[in-house]
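Spelled out, the chains give:
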Amino acid sequence: VFGRLYLTEKRNGEEFTADDEVVVRALAGAAGIAVENARLYEEARQRQRWLQAIEEVTSKLLAGVEPTEVLQLIAISAAALVDADYALIALPPESNDDDDIGELEVAVSAGTSGHELSGIRIPLTESTSGAAFRDRLPRNVSQLEFDIAAGTHVVFGPAMVLPLRGRE
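The structure displayed is predicted, hence computed values, not measured ones. (Residues numbered from 1 in each chain as written. Predicted model: local features only at pLDDT ≥ 70, side-chain atom pairs only at ≥ 80, totals over all residues. Heavy atoms only, no water.)

Chemist: Account for the pattern of salt bridges, with residues named and values stated.
Modeler: Inspection of the entire model under this criterion finds nine salt bridges. Glu43 is the salt-bridge partner of Arg39, the closest N and O atoms lying 2.3 Å from each other. A residue pair is termed a helical-turn pair when its members lie 3 or 4 positions apart in one helix, as Arg39 and Glu43 do in helix 1 (residues 18-62) at four residues. Note on Arg39: relative accessible area 36%, which makes it partly exposed. (Salt bridge = Lys/Arg side-chain N within 4 Å of Asp/Glu carboxyl O. Helix = DSSP H or I, 4+ residues; strand = E, 2+ residues; numbered from the N terminus. Buried < 20%, exposed > 50% of the residue type's maximum accessible area, 1.4 Å probe, protein only.)

Pasting the structure below:
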């Protein structure tokens with residue numbers, strides 16, 4: 001159910017008839033179909049945007065573009081695809097041992113004033129990003145545990161944090 005259609009008081013002051021009901025039911029049915037078609041069309045357009053973003057990232061990777069440039073493209077694409085104000089990619093320091101990792105560092109960011117967030121360090125303990133990194137599970141939270149934007153002009157609200165791991 002997308003909504004409800006209410007009709008009150010005919011112009012001529014008469015009662016609604018069975019014919020009126022048939023006409024309104026047909027109109028409501030047609031409107032419902034139009035709304036559903038618009039929703040399906042938007043879903044198809046969204047899938048097309050996802051595929052275009054994946055194609056662009058894959059092309060850059062295969063062309064040997066600098067990893068930071070590809071990560072920036074991923075951040076920009078992710079923010080655009082979900083209509084987010086910001087997208088950040090935080091990486092661990094280069095190490096062969098995951099047990100030695102104590103923090104992540106914002107390598108790239110997309111969004112207004114996103115440049116203020118580059119280089120910020122995020123502790124693995126007591127942070128939503130660290131938890132997603134450690135257990136490889138996405139998080140959808142109303143507030144980040146660690147305020148990445150503290151000391152900047154950026155203010156975060158609800159956030160989605162996803163691990164981007166490639167070894168497995």
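The structure having been displayed, the exposition proceeds.
Chemist: I'd like to hear about the nonpolar core, residue by residue, with values.
Modeler: One finds Leu117, Leu144, Ile148 and Phe156 to be the most contacted residues of the largest nonpolar core, which totals 16 residues. Dropping the residues within four chain positions of it, Ile148 is found in contact with Leu88, Val106, Leu117, Ile120, Ile122, Ser129 and Phe156. With six residues, the next largest nonpolar core counts Ala75, Ala87, Val108 and Ala110 among its residues. (Core = buried A, V, L, I, M, F, W, Y, C linked by side-chain atoms within 4.5 Å. Contact = heavy atoms within 4.5 Å.)

Chemist: If you had to explain the sheet that holds strand 3 (residues 121-123) to someone new, which residues and values would you point to?
Modeler: What the three strands build is an open sheet, ordered 1-2-3; its pairing is antiparallel. The sheet is open, and its two borders are formed by strand 1 (87-91) and strand 3, each paired with just one other strand. Averaged over all neighbouring strand pairs, the angle between strand axes comes to 40 degrees, with direction disregarded. Pairing geometry for strand 1 and strand 2 (residues 103-110), over five bridges, is antiparallel. Pairing of Ala87 across the sheet is with Ala110, part of strand 2. Across the sheet, helix 2 (residues 67-82) is in contact with strand 1 and strand 2; its angle to strand 2 comes to roughly 70 degrees. (Pairing = 2+ DSSP bridges. Axes fitted to C-alpha atoms, helices over the stretch in contact; angles between N-to-C directions.)

Chemist: So what's going on with a nonpolar patch on the surface? Residues and values would help.
Modeler: Side chains of Leu5, Leu7, Phe16 and Leu27 sit close together on the surface and give an oily, nonpolar patch of about 400 Å² of accessible area. When its relative accessible area of 44% is taken as the criterion, Leu7 is described as partly exposed. (Patch = residues over 30% accessible without salt bridge, like charges linked within 9 Å, V, L, I, M, F, W, Y side chains within 5 Å. Areas by Shrake-Rupley, 256 points an atom, 1.4 Å probe, with all protein chains shown as cover.)

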